[in-house]
Amino acid sequence: QKEVEQDPGPLSVPEGAIVSLNCTYSNSAFQYFMWYRQYSRKGPELLMYTYSSGNKEDGRFTAQVDKSSKYISLFIRDSQPSDSATYLCAPLTPGGFKTIFGAGTRLFVKA
Amino acid sequence: DVKVTQSSRYLVKRTGEKVFLECVQDMDHENMFWYRQDPGLGLRLIYFSYDVKMKEKGDIPEGYSVSREKKERFSLILESASTNQTSMYLCASSLEGKALHFGNGTRLTVT
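Here is what the cut-offs are and how they apply
Residues numbered from 1 in each chain as written. Chains lettered and ligands numbered in written order. Predicted model: local features only at pLDDT ≥ 70, side-chain atom pairs only at ≥ 80, totals over all residues. Heavy atoms only, no water. Contact = heavy atoms within 4.5 Å. Buried area = accessible area lost by both parts, 1.4 Å probe. Salt bridge = Lys/Arg side-chain N within 4 Å of Asp/Glu carboxyl O. Helix = DSSP H or I, 4+ residues; strand = E, 2+ residues; numbered from the N terminus. Nonpolar A, V, L, I, M, F, W, Y, C, P; charged D, E, K, R; others polar. Buried < 20%, exposed > 50% of the residue type's maximum accessible area, 1.4 Å probe, protein only. Polar contact = N/O pair within 3.5 Å; in protein donor to acceptor, adjacent residues only side chain to side chain. Pairing = 2+ DSSP bridges. Axes fitted to C-alpha atoms, helices over the stretch in contact; angles between N-to-C directions. Phe/Tyr/Trp six-rings, centres within 6.5 Å; stacked < 30°, edge-to-face > 60°. Lys NZ or Arg CZ within 6 Å of the ring centre and 35° of its normal.

Novice: Which parts of the structure should I look at to understand the interface of chain B and chain A?
Specialist: Size of an interface: often given as the accessible area lost when the parts come together. Listed per partner, the contact involves 23 residues of chain B and 20 residues of chain A. Taken over both partners, the interface formed by chain B and chain A buries close to 1,700 Å², and the fraction arising from carbon and sulfur atoms is 59%. Viewed at the interface, chain A and chain B are joined by 1 salt bridge. For Asp59(B), the salt bridge identified is with Lys98(A), shortest N-O distance 2.8 Å. Secondary structure elements with two or more residues in the side of chain B that touches chain A: strand E4 (31-38) and strand E5 (42-49) of chain B. Here the side of chain B that touches chain A is composed, by residue class, of 12 nonpolar, 7 polar and 4 charged.

Novice: Before we go on, may I ask you to explain the side chain of Ser73(A) in this structure?
Specialist: Residue and element names in this part refer to chain A. Relative to the helices and strands, Ser73 is located in strand E8 (residues 71-76). Note on Ser73: relative accessible area 4%, which makes it buried. At 3.0 Å, the side chain of Ser73 and the side chain of Asn22 are in polar contact. With residues up to four places along the chain from it excluded, the contact list for Ser73 reads Leu21, Asn22, Trp35, Thr62, Ala63 and Gln64.

Novice: How should I be thinking about the pattern of salt bridges in this particular structure?
Specialist: Two side chains bearing opposite charge may form a pair once their charged atoms approach each other closely. Residues and elements named next belong to chain B. Taken as a whole and assessed by the stated rule, the structure comprises 10 salt bridges over all chains. A salt bridge links Glu79 to Lys18, with the shortest nitrogen-to-oxygen separation between them at 3.6 Å. In this pair, Glu79 sits in the loop between strand E8 (73-78) and strand E9 (87-94) while Lys18 sits in the loop between strand E2 (10-13) and strand E3 (19-25), placing the two residues 61 residues apart along the sequence. Exposure remark for Lys18: the relative accessible area of 46% places this residue in the partly exposed category. Among the charged side chains, a salt-bridge network with shared partners connects Asp28, Glu30 and Lys71.

Novice: What am I meant to see in the sheet that holds strand E1 (residues 4-6) of chain B here?
Specialist: Remark on secondary structure: sheet strands pair via backbone hydrogen bonds, oriented parallel or antiparallel. Residues and elements named next belong to chain B. One open sheet holds the 4 strands; their spatial order is E1-E3-E8-E7, and the pairing between them is antiparallel. The sheet is open, and its two edges are formed by E1 and strand E7 (64-70), each paired on a single side. When strand polarity is set aside, the average angle formed by the axes of neighbouring strands in this sheet is 20°. Here 6 bridges tie E3 to E8, and the two strands are oriented antiparallel to one another. Looking at the pairing, Phe20 lines up with Ile77 of E8.

Novice: Please explain the packing of aromatic side chains as it appears in this structure.
Specialist: Centre-to-centre distance and the angle between the planes together describe a pair of aromatic rings. Per the counting criterion, the structure on display carries 12 aromatic pairs over all chains. The interplanar angle of 45° and the centroid separation of 5.0 Å between the aromatic rings of Tyr25(A) and Phe33(A) together place this pair among those described as tilted. What makes Tyr25(A) buried here is its relative accessible area of 5%. An aromatic cluster is defined as three or more aromatic residues linked by ring pairs; in this entry it consists of Tyr36(A), Phe101(A), Phe33(B), Tyr35(B), Phe48(B) and Phe102(B). Its end group placed over the ring of Tyr49(A), Lys56(A) keeps NZ or CZ at 4.6 Å from the ring centre.

Novice: What exactly am I supposed to notice about unusual backbone geometry here?
Specialist: The phi angle of most residues is negative, glycine excepted, and most peptide bonds adopt the trans form. Residues and elements named next belong to chain A. Gly9 connects to Pro10 through a cis peptide bond whose omega is 10°. Position of Pro10 among the secondary structure elements: in the loop between strand E1 (4-6) and strand E2 (11-14). The phi angle at Arg41 is positive, at roughly 65°, despite the residue not being glycine. For Arg41, the position within the fold is in the loop between strand E4 (32-38) and strand E5 (45-51). Of note in the backbone geometry, Ser52 takes a positive phi value of approximately 60° without being a glycine. Structurally, the position occupied by Ser52 is in the loop between E5 and strand E6 (54-58).

Written out as structure tokens, the structure reads:
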């Protein structure tokens, strides 16, 4: 079993839609949960991260962690064509040194 | 802004060749990482370094080695390139291990 499972998509939505991107993980010791965004032909960039369970909001983006079910979500409100990218969920291993990446979900937002 | 520069965007090498991938960061980060990215598999950690001349194996170190002679430079070496090492290689650096700053990748093809 992979440590982090993520549906690769692709996910195609119309502009303005609410997008939900999800991951599950197996290691209950994970405490930090990162989301990276990767545009085509670019390296990933950190979008946001949360610590332990709960929600964190940053503009149109909300990251949510449910440690009881080992479920990580990223919500994008009012999605824009510029949000078209691959989104990678990435928990940090205990001790904070290694990042474990999901396979990434490819998102297309159509104008 | 942190800048992580990878020396080549595209590289084509022959089976058996020794290959050097170079990475330079300009933010005095202690930690540097090499990942490879393959469709459906996400990013997998090859090697990382938390200090000059220090290196640690990641999850898939076989067939690779690294060198870190200076703080800003981290090199990945393929001792004898094989076709299964055809991939996108991503270098990253971090200050405290949480937020990874990536370069734009080197797409290596081994024929």
